[in-house]
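One-letter residues, chain by chain:
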Amino acid sequence: MRGLLFRLLGSVPALVAVVVVTFVLTRVLPGDTATYFAGPTASAESIAQIRTALGLDRPLPEQFWSYVQALFHGDLGMSLTTGQPVLVDILARLPASAELTLSGLVLAMAIAIPLGILAAVRQGSLADHACRVIVTAGVSLPVFFTGLLLVYVFYFLLGWSPAPVGRLDAFASAPPTVTGFYLVDSALVGDWETWRSAFAQLVLPAATLGLFALAPIARITRASMLAVLGAEFIRTARASGLSSRTIILSYALRNALLPVVTTLGMVFSFLLGANVLVEKVFAWPGIGSYAVEALIASDGAPVQGFVLTMAILYVLLNLTIDMVNRALDPRARRA
């Protein structure tokens, strides 16, 4: 517990750096918020009035101090594009991003871990070659290209997938909010028509993220299993007459899980970043598309809120990985 507390305290400087860097970048990047919202025909006096109302005419240190004071009160600022508090917008959109990211990760795990195990157990087989091809494709293809390719094939050419217009099609309504996950909420109220619509809309974007995440998971699973299968205790287990199934699942896989779990945490953090592109391709109403729209409008508060939210999620994710590693490896509990 003390180690986790030290890690949590050690992440504070990183969060402070994120706050400072995002604040500075939103101020120095091209684009003037006051000019954008005043409109192309606005006079210089109108632009100056908007700049004064937004506090953009004050010195940067004063603006930063006001921003930090607001953060301590849980205020991430107001979004000029939506007219809502940034925290409200993020909390409303975060379940959409989380549902998409978790679906992509679960899909990748369901394919990559068995494939990596099979490739390690049967080196040189068709499964081993398929693992290498999938890993190469997942690493080589940009995530936005994969998304566009899947839309072109399964929606435009084959017509198997619905139009990429968000979490639901135009004729479905959102279920009552319980968790924010449409698949879970619609199942809880027994609205299976909405569930089918949400599932159909989720397939392609989740597959896009899944292919992106599949490559590193399959590669590390194969490498970790190969290392464990060559260990002395595996040879001893085989000499004792244990079945191959018992050796692989009970002995080898458990000892190979540590690097896989660590990789899963890294992949999940990568998926949070890849969500920005995938959400734009599939018109997914998550926090990634929210940040992109705010950046285009030179709306700094949502961008700052998005980056800070991602940093906090990354810290919490690392702490979760540490706890899982301690549960799997008794040696880590004494560290």
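Peer 1: Looking at this structure, how should I read the packing of aromatic side chains?
Peer 2: Each pair of aromatic rings is reported with the distance of its centres and the angle of its planes. The final tally for this structure, using the stated rule, is four aromatic pairs. Summarising the aromatic geometry, the rings of Trp192 and Trp195 are spaced 6.3 Å apart at their centres and angled 65 degrees between planes, so their arrangement reads as edge-to-face. Placement of both Trp192 and Trp195 in helix 10 (residues 192–229) is noted, with a separation of three residues, approximately one turn of the helix. These aromatic residues form a ring-pair network of at least three members: Trp192, Trp195 and Phe199.

Peer 1: Could you clarify how one ought to interpret the packing of helix 10 against helix 12 (residues 244–281) in this entry?
Peer 2: How two helices sit against one another is set out by the angle between their axes and by the gap between those axes. The N-to-C vectors of helix 10 and helix 12 enclose an angle of 150 degrees; their axes lie 8 Å apart at closest approach. Relative to helix 12, helix 10 is oriented roughly antiparallel. The way helix 10 lies across helix 12 gives a crossing that is right-handed. Residues of the contact of helix 10 with helix 12, tallied by class, amount to 22 nonpolar, six polar and no charged.

Peer 1: What is the right way to look at the nonpolar core in this model?
Peer 2: Within soluble globular proteins, side chains that are nonpolar generally end up buried alongside one another. In this structure, Leu105, Leu209, Ile217 and Met225 are the most contacted members of the largest nonpolar core, which totals 64 residues. Sort the elements by how many residues they give to this core and helix 12 lands first, with 14 residues. Other than its neighbours up to four places away in sequence, Met225 contacts Ile117, Ala120, Ile248, Ala252, Leu253 and Ala256.

Peer 1: Before we go on, may I ask you to explain the pattern of salt bridges in this structure?
Peer 2: Applying the stated rule across the entire model yields two salt bridges. Here Glu99 and Arg167 are joined by a salt bridge, their closest N and O atoms 2.6 Å apart. On the criterion of sequence distance, the pair formed by Glu99 in helix 6 (residues 86–121) and Arg167 in the loop between helix 8 (143–157) and helix 9 (182–188) is long-range, its members being 68 residues apart. On the basis of relative accessibility, which here comes to 5%, the residue Glu99 falls in the buried class. For Lys280, the salt bridge is made with Glu293, and the minimal N-O distance between the two is 3.9 Å. A residue pair is termed long-range when its members are at least 10 positions apart, and Lys280 in helix 12 and Glu293 in helix 13 (residues 287–296) qualify at 13 residues. The exposure class assigned to Glu293 is partly exposed, which follows from its relative accessible area of 38%.

Peer 1: Mind showing me how you'd approach the environment of Arg326 here?
Peer 2: Along the chain, Arg326 turns up in helix 14 (residues 300–328). When its relative accessible area of 13% is taken as the criterion, Arg326 is described as buried. Along the primary structure Arg326 and Leu258 are separated by 68 residues, whereas in three dimensions their C-alpha atoms are 9.5 Å apart.

Peer 1: What is the right way to look at unusual backbone geometry in this model?
Peer 2: Glycine aside, negative phi is the norm for most residues, and most peptide bonds take the trans geometry. Phi angles above zero are rare outside glycine, and Ala283 is one such case at about 55 degrees. Secondary-structure assignment places Ala283 in the loop between helix 12 and helix 13.

Peer 1: What's the story with the packing of helix 6 against helix 13 in this structure? I'm lost.
Peer 2: With their axes 8 Å apart at the nearest point, helix 6 and helix 13 run at an angle of 135 degrees to one another. By the angle class used here, helix 6 and helix 13 are oblique. Touching Val86, Asp89, Ile90, Arg93, Leu94 and Ser97 of helix 6 are Ile287, Gly288, Ser289, Tyr290 and Glu293, all from helix 13. In terms of residue class, the contact of helix 6 with helix 13 is made up of five nonpolar, three polar and three charged.

Peer 1: What am I meant to see in helix 6 here?
Peer 2: Two residues of an α-helix separated by three or four positions point the same way, owing to the 3.6 residues in each turn. With 36 residues, helix 6 should reach 52 Å at 1.5 Å per residue; the first-to-last C-alpha distance of 50 Å fits that figure. Helix geometry: helix 6 is bent most strongly at Arg93, by close to 35 degrees, with proline Pro95 lying one to four residues after it.

Peer 1: Looking at this structure, how should I read the side chain of Thr22?
Peer 2: Note on placement: Thr22 falls in helix 2 (residues 12–28). With a relative accessible area of 10%, Thr22 lands in the buried category. Only 3.1 Å separates the side chain of Thr22 from the backbone oxygen of Val19, close enough to count as a polar contact. Setting aside residues up to four positions removed in sequence, Thr22 forms contacts with Gln304 and Val307.

The rules behind each value
- Residues numbered from 1 in each chain as written.
- Predicted model: local features only at pLDDT ≥ 70, side-chain atom pairs only at ≥ 80, totals over all residues.
- Heavy atoms only, no water.
- Phe/Tyr/Trp six-rings, centres within 6.5 Å; stacked < 30°, edge-to-face > 60°.
- Helix = DSSP H or I, 4+ residues; strand = E, 2+ residues; numbered from the N terminus.
- Axes fitted to C-alpha atoms, helices over the stretch in contact; angles between N-to-C directions.
- Parallel < 35°, antiparallel > 145°, perpendicular 65-115°, else oblique.
- Left-handed = near helix turned anticlockwise from the far one by under 90°.
- Nonpolar A, V, L, I, M, F, W, Y, C, P; charged D, E, K, R; others polar.
- Core = buried A, V, L, I, M, F, W, Y, C linked by side-chain atoms within 4.5 Å.
- Buried < 20%, exposed > 50% of the residue type's maximum accessible area, 1.4 Å probe, protein only.
- Contact = heavy atoms within 4.5 Å.
- Salt bridge = Lys/Arg side-chain N within 4 Å of Asp/Glu carboxyl O.
- Expected span 1.5 Å × (residues − 1).
- Bend = angle between axes of the 7 residues up to and from the residue.
- Polar contact = N/O pair within 3.5 Å; in protein donor to acceptor, adjacent residues only side chain to side chain.

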